[in-house]
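# Chain and residue survey
Given next are the chains, with one letter for each unit.
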Amino acid sequence: MQQLVLGYLSTLKEIHTLGTGKVNKIISVELNEFYVETESSKAKYLAGEKQQPYDSIPESYILEVWKTLCEQRTIHAGDLQKSKGRSSFLLALFSKLPFVRQTLKNGRTALELIEYYVSELPESNITFVLDFLDEVAAGKIHPQTLSQQIHDKNLQRIKSSYRQGLRLLGFIDGRFNVNSEFVDQYRNSNEKKEILKNQILKLPYFFMVNTLLSAANNLNMSEKIKAVKELGLLVVRNPIGGNLMKESVGDKLSRNTVSWLQYVDLLDEGITENSISMDKGVRPMQTVNKSTPGICYSNISLIKKALLQNSDNILPYPEIMLYLKKNWTNLNSTNEDIKRIVDLALYAPKSYFYEVEEGLWGIKDKIDARLNHIYLYMNPRKIPLKISDMKYRLKVYESDDVLRQMLLSDIRFSQIENTAYWVLSEWVIINNYVYDYIFKSELLGIDREKAIEKVVQFHKLDKEKVIFLPQFDDRFSVFGTRIEIKRTLGMNQIQNETQEFEVPVEISEEVGRLSYKIINFIKESKTEVTTNQIVNHVFNVIENHPSFSIYSEAVKDLLEAVLEINQVEEHKWIYRNEAPLLQIENDKKVYYAVKNSLPIIENVKELLDNKNQADTQSYKNAIHFSRYDTKTTEDKLNAYHTVSYYDRVKGYFIIPKALIEMSVLFRQSNHGKVTIQHEEYRYEWNWEKNANKHYFFGDGVMDFFADYLIEPGHKLSFEIDKQVMYLIRVHKVGFDERYASEQQRYLDIGRLVEESKSVNKSIFSLMCETLAVHPSGMHWTTLQDKISEKRSTTKNTVTNLLSRNECFEQVEGKKGYWKLNISKLSRYYINEENQEMIEPAESEIDSLEVDKEEDESPIGVPIEEELPDSFINDETETAVSSVELNELQQLDTQTLIQQIESLFSKIAEDELTFKESISEVVQENFIHGNISAIEELYKSVESNIKFFERVRKLENERERKNEE
């Protein structure tokens, strides 16, 4: 209401004070200030006494007056203590509000609120009032004797509300006598709405509301309804008892008031709950822009078409929202915009829809038997009809409004927006397909039937269901049977240039589930591939469909996170065989762990900046110094793995390469077991070599994950035990948000879809896998359908498993929706009979064709973080003497000697390389006078120097003994 008042006042240009009539000109309203020019301020400006010819009045002053007026209902200048010096202007300003009038208070000029009565507001929707008028005109009912004719108290009350509407419109008087002359004038007129508009504007309350709303361009329809309700609660009284209107009454009467104004086109934006039954059905959220031509449906019709997707004609609420988002041409509408429109349609008092159960919606009257003959007439002929056509051709005797209500409530019929025509909901309008075909084929024109045939064949459509309507589409020109198109930019091109929009999470997840298909399509193409081609090929969505831009953006978001895909330019992609490389020293390859993450060298951004600035010498020095950083040498016996979404769901993961190189275990065979210790607990993990990769898997992995609530992004450190050969210590050493990011999760979802096709699993396991690839959640009925595709199940089984296992959680704000809590996923679960069960972990590792590449990272899986090569320190010497020596001791004496000589030889080479590198760094830093860097360097490599010295002494001792 406050915004409604401010919006109206800001449209005023000239105000005369109430006492003296002096002129106050409102120059502008901006930045929460009203800029006002008076004769006095202008004179002072001309005399050089002021820098501007106007004064500014803060919006806070105006809001304070508004607050005082609402509280006191009658105010004069003395009540405006906080705005002294401005009170004359403010009183004059507020006197312009259409619900405020001038009066006297204690003998002084004052303002007071004008009050109205509830009897001046409509108790019913205007369409029902007009239907009642038809009954009265036909003599079926008499307004004066309702109680005598209708004995049902509820129906009597409803009809009384219709009668009150007729009184407001002037068709009957206060004693309920019919004004027959006026009724006949209205019924015989071709300008019925104009007559109704004039009558409505004669009513003081309607005139006042319309005056305010006409200036409320800053408010959407929902906000206007709310403002009108607040206004009604402020100025409308109940004549019985004299109290102000109650909120419960105000809600209904205010919505009816707005719908009446909308019906006669005094309001032309948005939709109200009661406006669903208006002349144009449900108005679209925004009129279709001429730059995005094509045919669209009214919102009611879109919801009906969404329900037709399901064999039972019911859908969860979020899926209805998603369908509308994908089929609206106004892509920059937010989820809140869509929710508001859908809510208004579903929850309207006279809604055609109802909640079947727990967030599932259906249509009240699926099929109206009275319309069967219309359906049977239209279906074979494939022609849209107007209501007048139906009445003329098919002898329908209901009134236009009644027939419109019947069509809206029957799921079989849909209305083409901005027209009076109706089609069958089951028909597929192929205008976009035909336009796309002619445009891409570069045809000047084509025979109508041939175009339909080509489209049906190419897109594999049901010819019995398609309909082509060029007469309703500005993009087409029709010359007899020949069709031509007007070559304008495609819808998606215009929208991409002019609109910003959000990609629904459900679309991103759908793209993720098909990520393998997308990546393979690019890979197999061998050349550059555009996003358009991907969306066409993988999702069968053409450029002119409203959802094309949504899919295009979602595909782009996905591919930007795929290491194997290179973006050549905007929306152009090509496959490459290796992950992105960062050239640092001597062409050494340093891999990113995740796209946009940092390599092991922690100051890499600074280094790259230096490199880009051509500071080559400093760059080399820093690189050499980083290689021998103490942090690197300390981590020599540790390998790292960051758990991905894929790892967590499947319960197994690739063993870090560094761990394989450090432990003899993984070189003994292609499979085995190892003891893992975390804190004081130990687990037995299986390992296996498969497709040139080593994996950890098994019950122990799943138990470890569940016990410690491991989630995607947890970084694990693997430490080789120096004394116990088969023991590896695992620690949680941090959390990497990049691995838990949405895009990485979507890539993993694609892998999960490909690897979760086995049906020999429990219902619980299938539910976990299904919800894992729908992270935002799924309605339990949809989940049941998905599970039933693999194993027969029942509603009770699914709902019991959902409610009894803590790894399943209800989605907040989505009735009937459930999601998987990945951190609580375990192989232990409670079945539908409340018994504890154990689901064995993966017993073997799936081998995907895409995993058989030479590189270390399968598609969509981050390359493991490998520590840079470093020289062996004190701890490494111990590792060689304990772990490696166990293996060496099994060799014969001659082979053992050869192995030791080879090891000494390698260490000697490393020492030489080490000294050369140190020498280069020292020399470069000495030239630049950086003595402190040299000192730090020697501190960091001291342990390495001592190690080489000990090895050299050992080698010398061995040679001395050999000579003896």
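Residues numbered from 1 in each chain as written. Predicted model: local features only at pLDDT ≥ 70, side-chain atom pairs only at ≥ 80, totals over all residues. Heavy atoms only, no water.

## Observations regarding the nonpolar core
Counting residues in hydrophobic clusters, the biggest one holds 81 residues, and the most contacted among them are Leu-9, Phe-94, Leu-97, Phe-99, Phe-171 and Tyr-205. Membership of the second largest hydrophobic core comes to 59 residues, among which are Ile-518, Phe-521, Ala-561 and Val-562. (Core = buried A, V, L, I, M, F, W, Y, C linked by side-chain atoms within 4.5 Å. Buried < 20%, exposed > 50% of the residue type's maximum accessible area, 1.4 Å probe, protein only.)

## What to know about the sheet that holds strand S34 (residues 808-810)
Sheet architecture is open: three strands sit in the order S33-S35-S34, paired in antiparallel fashion. The sheet terminates laterally at strand S33 (778-779) and S34, the two strands that pair on one side only. (Pairing = 2+ DSSP bridges. Helix = DSSP H or I, 4+ residues; strand = E, 2+ residues; numbered from the N terminus.)

## Re the environment of Asn-692
Relative to the assigned elements, Asn-692 resides in the loop between strand S29 (681-690) and strand S30 (693-697). When its relative accessible area of 67% is taken as the criterion, Asn-692 is described as exposed. Here the alpha-carbon distance between Asn-692 and Asn-670, two residues 22 residues apart in the chain, equals 10.0 Å.

## Brief notes about helix H35 (residues 795-804)
Helical geometry: 3.6 residues make up each α-helical turn, so side chains three or four residues apart lie on a common side. All of the buried residues along H35 are Thr-797, Val-798, Leu-801 and Leu-802. Projected down its long axis, H35 shows its buried positions confined to an angular sector of 125°, all on one face. Seen from the open side of H35, the exposed residues pointing more than 90 degrees away from its buried face are Asn-796 and Ser-803. In this fold, the buried residues of H35 make contact with helix H33 (763-772), helix H34 (780-788), S34, strand S35 (817-820) and strand S36 (828-830). (Arc of directions from axis to C-beta. Contact = heavy atoms within 4.5 Å.)

## Describing the sheet that holds strand S23 (residues 572-575)
Working definition: the strands of a sheet are paired by backbone hydrogen bonds and lie parallel or antiparallel to each other. Strand order in the open sheet made by the three strands is S21-S23-S22, with antiparallel pairing throughout. Every other strand in the sheet has two partners, leaving strand S21 (529-530) and strand S22 (565-569) as the edge strands with one partner each. Along the sheet, helix H23 (residues 515-525) makes contact with S21, S22 and S23, crossing S23 at roughly 75°. (Axes fitted to C-alpha atoms, helices over the stretch in contact; angles between N-to-C directions.)

## Some points on the pairing of strand S20 (residues 482-485)
Burial along S20 is one-sided: the residues Ile-483 and Ile-485 are buried and none of Arg-482 and Glu-484 is. Across two bridges, the pairing between strand S17 (residues 446-447) and S20 is antiparallel. Across the sheet, residue Asp-447 finds its bridge partner in S20, namely Arg-482. Connecting the antiparallel pair strand S19 (residues 476-479) and S20 is a turn made up of two residues, with Gly-480 showing a positive phi of about 65°.

## Quick notes on the packing of aromatic side chains
According to the stated counting rule, one finds 30 aromatic pairs in the structure shown. Seen from their ring centres, Trp-685 and Phe-718 are 6.5 Å apart, and the 70° between their planes marks the pair as edge-to-face. With a gap of 33 residues between them, Trp-685 in strand S29 and Phe-718 in strand S31 (residues 714-720) connect regions that are remote in the sequence. Ring centres of Phe-764 and Tyr-829 lie 4.1 Å apart, and the angle between their planes is 5°; on these two criteria the pair is classed as stacked. Here Phe-764 is found in helix H33, whereas its partner Tyr-829 is found in strand S36, with 65 residues between them in sequence. Each member of the pair, Phe-764 as well as Tyr-829, is classed as buried. Over the face of the ring belonging to Tyr-263 we find Lys-193, whose NZ or CZ atom lies 5.1 Å from the ring centre. (Phe/Tyr/Trp six-rings, centres within 6.5 Å; stacked < 30°, edge-to-face > 60°. Lys NZ or Arg CZ within 6 Å of the ring centre and 35° of its normal.)

## Looking at a positive patch on the surface
A contiguous patch of positive charge, built from Arg-157, Lys-252, Lys-350 and Lys-364, is present on the exposed surface. Looking at the element boundaries, Lys-252 is found in helix H12 (residues 247-263). (Patch = residues over 30% accessible without salt bridge, like charges linked within 9 Å, V, L, I, M, F, W, Y side chains within 5 Å. Areas by Shrake-Rupley, 256 points an atom, 1.4 Å probe, with all protein chains shown as cover. Salt bridge = Lys/Arg side-chain N within 4 Å of Asp/Glu carboxyl O. Lys, Arg positive; Asp, Glu negative; His and termini not counted. Charge placed at Lys NZ, Arg CZ, Asp CG, Glu CD.)

## So, the pattern of salt bridges
Counted according to the given criterion, the structure contains 26 salt bridges. Here Asp-368 and Arg-370 are joined by a salt bridge, their closest N and O atoms 2.9 Å apart. In this structure Asp-368 comes out as buried when scored by relative accessible area, which is 11%. In this structure, Lys-391 engages Asp-400 in a salt bridge whose closest nitrogen and oxygen atoms are separated by 2.9 Å. The class for Lys-391 is partly exposed, based on a relative accessible area of 25%. According to the relative accessible area criterion, Asp-400 is partly exposed, its value standing at 39%. Three or more residues are tied together by salt bridges with common partners; here these are Lys-229, Glu-247, Asp-251 and Arg-255.

## So, the confidence of the model for the protein chain
For the protein chain, the mean per-residue pLDDT works out to 76, and 78% of the residues sit at or above 70. Looking across the protein chain, the model is least confident in strand S25 (residues 589-591), with a mean pLDDT of 31, and most confident in S34, with 93. Predicted confidence for residues 847-891 stays below pLDDT 50, and this span has 116 contacts to residues more than four positions away or in other chains. (pLDDT = per-residue confidence, 0-100.)

## Regarding helix H24 (residues 531-539)
Inspection of H24 places Thr-531, Ile-534, Val-535, Val-538 and Phe-539 among the buried residues, and these make up the whole buried set. Along the axis of H24, the buried residues cluster in a sector spanning 95°; they form a single face. Taken together, the buried residues of H24 touch helix H22 (505-513), H23, S21, helix H25 (548-559) and S23. Just downstream of H24 lies Asn-540, where phi reads positive at about 55°.

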